[in-house]
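# Architecture and fold: a report
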Amino acid sequence: MGLPVEDFSAGFKPAAESDVAALVAFWERNLGAEQSFNLEKYLRWRYSFLDDDSGNISDNMTGNVTEENSSKRDAANRNNKLWTMTINGQIMGMLGAQSMPLAVGDRQLEAIHTMDMLVDKSIDGGGLGAWMPLALNHHHDIMVLIGSNKNSSGLVRRIFQPMPNRRQWKMALNLTRLIEKVGLSRRLAQGIAALSNPLAGAMRNRRVKKYLRPEFTLKNLTTFPDSVAAISHSHQNEFIYRPRSAAFLNWKFTENPNKTYQLLGVYCSDTLVAYAVFHTSDANANANANASGGKVNADAVIDDFFWLKHDDANKGCSPETLLAMVVQHLQREGFGLIKVASYGVRCQQAMEQLGFIQREEHLLFSLSCNLPDAEHDLFNPDHWFITDADAHGLAC
């Protein structure tokens, strides 16, 4: 780009409160002003910004924040920074760094998940997109990248060490849409589906009922209770995962200003033993509902799920039982398709047992690690547990 490295370094820093308006303009200039979400609300929800006077974290927050949850929300996103590259007084690049603590055996390692990278189109290809992650690498020992587009995959593989791709799992609850893809008319597809759905449903129900347990009850949640933290903690020394506290899950799924999620909890008596989060991918699902009120044109996307591990001291839950209860619930709600993007050996076993179909998609997972004593664990793909709770950027 014709600039010395020291000029790059001087212009690369976490965004301040006064930068928010310029960041919105930068985004709109490069990606278009027409967005399906409120960009400023997203940035303020995802990241914390430095106060221009004190240099500390600003208390200016937006989103579904109440007096009761504001302190917890602040703790959930307080360490998330949006780094900006300013050249000659103008923002020319940005890169998000979301705090991602990792439970690795008996240790908790501090990592960042990079996301929301954008370079001004006037200098695209000039090297700034490669330089920013390398610059962050000087500040953080572990960097994680979950998801990228095809245009950036080559860049990602030059900076990060690639792991096996995440998998997309799908289960059709109504065959109409799948049959339509063959090229048949909707009327004919509906006729064939009317004959095929009962048989497919009977096979699916047989798998699902195998894992249902009468002592478990599925309930709708409005927020996550503090007791949810015990669920992920029960897998210490089994997986590498981001601990799921109530503060993190509520920030992620109940305070997101641009997307609505539905929370499900599995209870054994009064004990929360598992949970799942999903959203509807078709915003016009109700308008597209069929005559019986179902949502055959809507996909239920499971964003996160976790279960309490069985041990001698608790009544745990299996992932098969959790997912079986969720499938049954979504079937009753009339959804046409279930999608789950997950990473982990135990997840794969559960999906296969319930009849989910695996589909390879462009869901990258890559790492950068400067800690030699952690490399053996981190670079083993069999050690990880990842869902879309860990993966989202760009207003998700």
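Further up the page is the structure itself.
Every chain begins its residue count from 1, and numbering advances along the sequence as written. Local features in this predicted model are restricted to residues whose pLDDT is 70 or higher, and side-chain atom pairs enter the listing and the counts only when it is 80 or higher, whereas totals over whole chains, interfaces and linings include all residues. Note that water and hydrogens are dropped before the side-chain values are worked out from all heavy atoms of the structure.

## Some remarks on the nonpolar core
- We define a nonpolar core as any set of buried Ala, Val, Leu, Ile, Met, Phe, Trp, Tyr and Cys residues linked to one another through side-chain atoms lying within 4.5 Å. Remark: exposure states derive from per-residue accessible area (1.4 Å probe, protein chains only) relative to the maximum for the residue type, with buried under 20%, exposed over 50%, and partly exposed in between. L43, F224, F305, W307, L322, I338 and F356 are the most contacted members of the largest nonpolar core, which has 74 residues in total.
- The criterion used for residue contact is that any of the two residues' heavy atoms lie within 4.5 Å. In this structure, F224 is in contact with A246, L249, N250, F253, L263, Y275 and V277, ignoring residues within four places of it in sequence.

## Some points on the pairing of strand β10 (residues 271–280)
- The element β10 is largely enclosed, with a buried count of 8 among its 10 residues.
- Two strands qualify as a pair provided DSSP detects at least 2 bridges between them. Secondary structure elements follow DSSP: runs of H or I no shorter than four residues count as helices, runs of E no shorter than two count as strands, and numbering proceeds from the N terminus. Hairpin geometry of strand β9 (residues 262–268) and β10 is characterised by an intervening segment of 2 residues between the two adjacent antiparallel strands and by a positive phi of about 60° at S269.

## Digging into the sheet that holds strand β2 (residues 81–87)
- If you trace the 7 strands from one edge of the open sheet to the other, you get β1-β2-β3-β4-β5-β14-β6, paired in mixed fashion. The sheet terminates laterally at β1 (12–14) and β6 (161–162), the two strands that pair on one side only.
- For strand β5 (residues 142–146) and strand β14 (residues 365–369), the ladder comprises 5 bridges, and the chain directions are antiparallel. Looking at the pairing, V144 lines up with L367 of β14.
- Running over the sheet, helix α2 (residues 20–31) touches β2, β3 (90–104) and β4 (107–119) and is turned about 105° from β3.
- Packing of helix α5 (residues 128–137) onto the sheet brings it into contact with β1, β2, β3, β4, β5 and β14, and relative to β4 it is tilted by some 160°. In this analysis, axes come from line fits to C-alpha atoms, helices being fitted only over the stretch in contact, and the angle between any two N-to-C directions falls in the range 0 to 180 degrees.

## What to know about the pattern of salt bridges
- When a carboxyl oxygen of Asp or Glu lies within 4 Å of a side-chain nitrogen of Lys or Arg, that pair is called a salt bridge. This model, assessed by the stated rule, comprises 10 salt bridges.
- Residues R44 and E17 are paired through a salt bridge, measuring 2.7 Å at the closest nitrogen-oxygen approach. Taken together, the positions of R44 in helix α3 (residues 39–46) and E17 in the loop between β1 and α2 put the pair 27 residues apart, joining distant regions of the chain. With respect to class, R44 is no different from E17; both count as buried.
- Here E320 makes a salt bridge to R346, at a shortest N to O gap of 2.8 Å. Residue E320 is found in helix α11 (residues 319–333), and its partner R346 is found in helix α12 (residues 345–354); the two are separated by 26 residues along the sequence.
- On the accessibility criterion, R346 (24% relative accessible area) is partly exposed.
- Put simply, E17, E40 and R44 are held in one network by salt bridges that share partners.

## Considerations on the pairing of β5
- Taking burial as the measure, the 5 residues of β5 include 5 buried ones, the bulk of the element.
- The alternating pattern of β5 places I142, V144 and I146 on one face and M143 and L145 on the opposite face, and all of these are buried.
- In terms of strand pairing, β4 meets β5 through 2 bridges, oriented parallel. The residue of β5 that forms the bridge with H113 is V144.
- Seen with its strands pointing away from the viewer, a crossover is right-handed when the path leading from the first strand over the helix to the second is clockwise. Each parallel crossover has a hand, and for β4 linked through α5 to β5 it is right-handed.

## Regarding unusual backbone geometry
- If you check the backbone angles, D116 has positive phi at about 55° while not being a glycine.
- Among the secondary structure elements, D116 is positioned in strand β4.
- Although it is not a glycine, N237 adopts a positive phi angle of roughly 75°.
- Residue placement: N237 occurs in the loop between α9 (229–233) and α10 (246–253).

## Some thoughts on the packing of aromatic side chains
- Two rings belonging to Phe, Tyr or Trp (six-membered ring only in the last case) form a pair when the distance between their centres is within 6.5 Å. Interplanar angles under 30 degrees mark stacking, angles over 60 mark edge-to-face geometry, and anything in between is tilted. Tallied over the full model, the rule gives 19 aromatic pairs.
- Taken together, a centroid distance of 6.0 Å and an interplanar angle of 85° make the contact between F305 and F385 edge-to-face. Taken together, the residues span a long stretch of sequence, with F305 in strand β11 (residues 295–307) and F385 in the segment after α13 (372–378) at a distance of 80 residues.
- Pairwise contacts between aromatic rings join F239, Y241, F305, F306, W307 and F385 into one cluster.
- Above the ring of Y267, the side-chain terminus of K219 is found at 4.7 Å from the ring centroid. The rule for a charge over a ring is simple: NZ of Lys or CZ of Arg within 6 Å of the ring centre, and within 35 degrees of the ring normal.

## So, the packing of α11 against α12
- α12 packs onto α11 with a crossing angle of 50° between their chain directions and a minimal axis gap of 9 Å. Relative to α12, the element α11 lies oblique. Note that α11 runs across α12; the crossing there is right-handed. Counting all contacts with α11, which are made through P319, E320, L323 and A324, the residues of α12 involved are R346, Q349, A350, M351, Q353 and L354.
- Here the contact of α11 with α12 is composed, by residue class, of 6 nonpolar, 2 polar and 2 charged. When describing relative orientation, an angle under 35 degrees is termed roughly parallel and one over 145 degrees roughly antiparallel, while 65 to 115 degrees is termed roughly perpendicular and anything else oblique. Crossing handedness is read from the near helix: turned anticlockwise from the far helix by less than a right angle, it gives a left-handed crossing, and turned clockwise, a right-handed one. Amino acids are sorted into nonpolar (Ala, Val, Leu, Ile, Met, Phe, Trp, Tyr, Cys and Pro), charged (Asp, Glu, Lys and Arg) and polar (every other residue, Gly among them).

Function cannot be inferred from these measures alone, as they are strictly geometric.
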